[in-house]
Amino acid sequence: MMRAVFLILFLILPGAALAANTSGLPVPRFVSLKSEEVNVRTGPGMRYPIQWVYRRAGMPVEVIDEYDLWRRIRDVEGVTGWVHKSMLDGKRTAMIKGKEARVMRIDPEPGAKPMLKAEPMVTGRLLECQPEWCRIQVTGRKGWVEKKYLWGVYAEEVFD
């Protein structure tokens with residue numbers, strides 16, 4: 001009996017591994033929530049129960065796994081769950097992490113003129129990133145924030 005169970009697992013698991021990363025995009029990667037209401041499920045399918053509902057379009061999340069049309073995501077607090085790919089947007093956003101407001105500056109350097117303070121959990125459109133700074137747009141204003149204070153971008157990411 002035990003051999004039969006191992007044989008079945010041996011035959012099923014390789015198929016499950018092939019189903020992973022169905023989009024062809026890198027995993028992990030950051031994306032944003034597309035809708036004001038996104039159901040997060042315990043597994044990759046409609047038959048799985050809803051764990052909670054995000055109510056914040058544009059919030060950055062990290063895709064950490066894929067299965068068919070479903071993406072397993074992680075949020076800024078490290079909580080994970082499954083969402084349908086139609087609820088995700090490739091537009092990049094970033095969120096101020098931590099418990100303190102962070103200064104957005106005109107230029108990407110510590111002594112540059114400050115523009116505004118962005119409170120924790122404020123989300124902005126990610127425009128470009130240098131090795132230590134990212135330019136984001138918050139409420140129509142564009143400025144630079146130190147990358148280490150942002151959730152939604154990897155430490156080694158650089159783009160414009």
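All values reported here derive from a predicted model rather than from experimental measurement.

Counting across every chain of the model gives seven salt bridges. The salt bridge involving Glu66 is made with Arg71; its shortest N-O contact spans 3.5 Å. Per residue, the accessibility class of Glu66 equals that of Arg71, and both read buried. With its nearest N and O atoms 2.9 Å apart, the salt bridge here joins Arg92 to Glu157. Residue Arg92 is found in the loop between strand E7 (88-89) and strand E8 (93-96), and its partner Glu157 is found in the segment after strand E14 (150-151); the two are separated by 65 residues along the sequence. Taking relative accessible area as the criterion, Glu157 reaches 18% and is therefore assigned buried. Residues joined by salt bridges that share partners form a network here, namely Arg29, Glu66 and Arg71.

Mapping Met104 onto the fold places it in strand E9 (residues 102-105). Taking the C-alpha atoms as reference points, Met104 and Lys117, separated by 13 residues in sequence, lie 6.0 Å from one another. Not counting residues within four places of it along the chain, the set of residues in contact with Met104 comprises Lys113, Pro114, Met115, Leu116, Ala118, Ile136, Val138, Arg141, Lys142, Gly143, Trp144 and Val145.

Our focus in this paragraph is the side chain of Lys147. By the secondary structure assignment, Lys147 is in the loop between strand E13 (141-146) and E14. The buried charged residue Lys147 lacks any salt bridge partner; its closest oppositely charged side chain belongs to Glu157, at an N-O distance of 6.8 Å. In contact with Lys147, other than residues within four places in its own chain, are Cys129, Gln130, Pro131, Glu132, Trp133, Cys134, Val153, Tyr154, Ala155, Glu156 and Glu157.

All right, on to the nonpolar core then. Leu33, Tyr54, Met59, Val61, Ile73, Val83 and Leu88 are the most contacted members of the largest nonpolar core, which has 14 residues in total. Broken down by secondary-structure element, the contributors of at least two residues to this core are strand E1 (29-33), strand E2 (38-41) and strand E4 (60-67). Top element by residues in this core is E1. It accounts for three residues. Discounting residues that sit within four places of it in the chain, Val61 has contacts with Arg29, Phe30, Val31, Leu33, Ile73, Arg74, Leu88 and Trp151. Met104, Leu126, Val138 and Val145 belong to the second-largest nonpolar core, a separate cluster that totals 13 residues.

Looking at where Glu66 falls in the secondary structure, it is placed in strand E4. Of the polar contacts made by the side chain of Glu66, one reaches the backbone nitrogen of Thr22; its length is 2.9 Å. Side chain to side chain, Glu66 and Ser23 meet in a polar contact 2.6 Å long.

So, about the packing of aromatic side chains. Within the structure shown, the criterion is met by three aromatic pairs. Their ring planes at 90° and their centres at 5.0 Å tell us that Phe30 and Trp151 sit as a pair that is edge-to-face. On the criterion of sequence distance, the pair formed by Phe30 in strand E1 and Trp151 in strand E14 is long-range, its members being 121 residues apart. By relative accessible area, which is 7% here, Phe30 ends up buried. On the basis of relative accessible area, Trp151 is assigned to the buried category, the value being 14%. Relative to Tyr154, the ring of Phe30 has its centre 4.5 Å away and its plane inclined at 45°; by these criteria the two rings are tilted. Here the residue Phe30 occupies a position in strand E1, and Tyr154 occupies one in the segment after E14, the gap between them amounting to 124 residues. Site record: aromatic cluster; members linked through ring pairs are Phe30, Trp151 and Tyr154.

Basis of the calculations
Residues numbered from 1 in each chain as written. Predicted model: local features only at pLDDT ≥ 70, side-chain atom pairs only at ≥ 80, totals over all residues. Heavy atoms only, no water. Salt bridge = Lys/Arg side-chain N within 4 Å of Asp/Glu carboxyl O. Buried < 20%, exposed > 50% of the residue type's maximum accessible area, 1.4 Å probe, protein only. Helix = DSSP H or I, 4+ residues; strand = E, 2+ residues; numbered from the N terminus. Contact = heavy atoms within 4.5 Å. Lys, Arg positive; Asp, Glu negative; His and termini not counted. Core = buried A, V, L, I, M, F, W, Y, C linked by side-chain atoms within 4.5 Å. Polar contact = N/O pair within 3.5 Å; in protein donor to acceptor, adjacent residues only side chain to side chain. Phe/Tyr/Trp six-rings, centres within 6.5 Å; stacked < 30°, edge-to-face > 60°.

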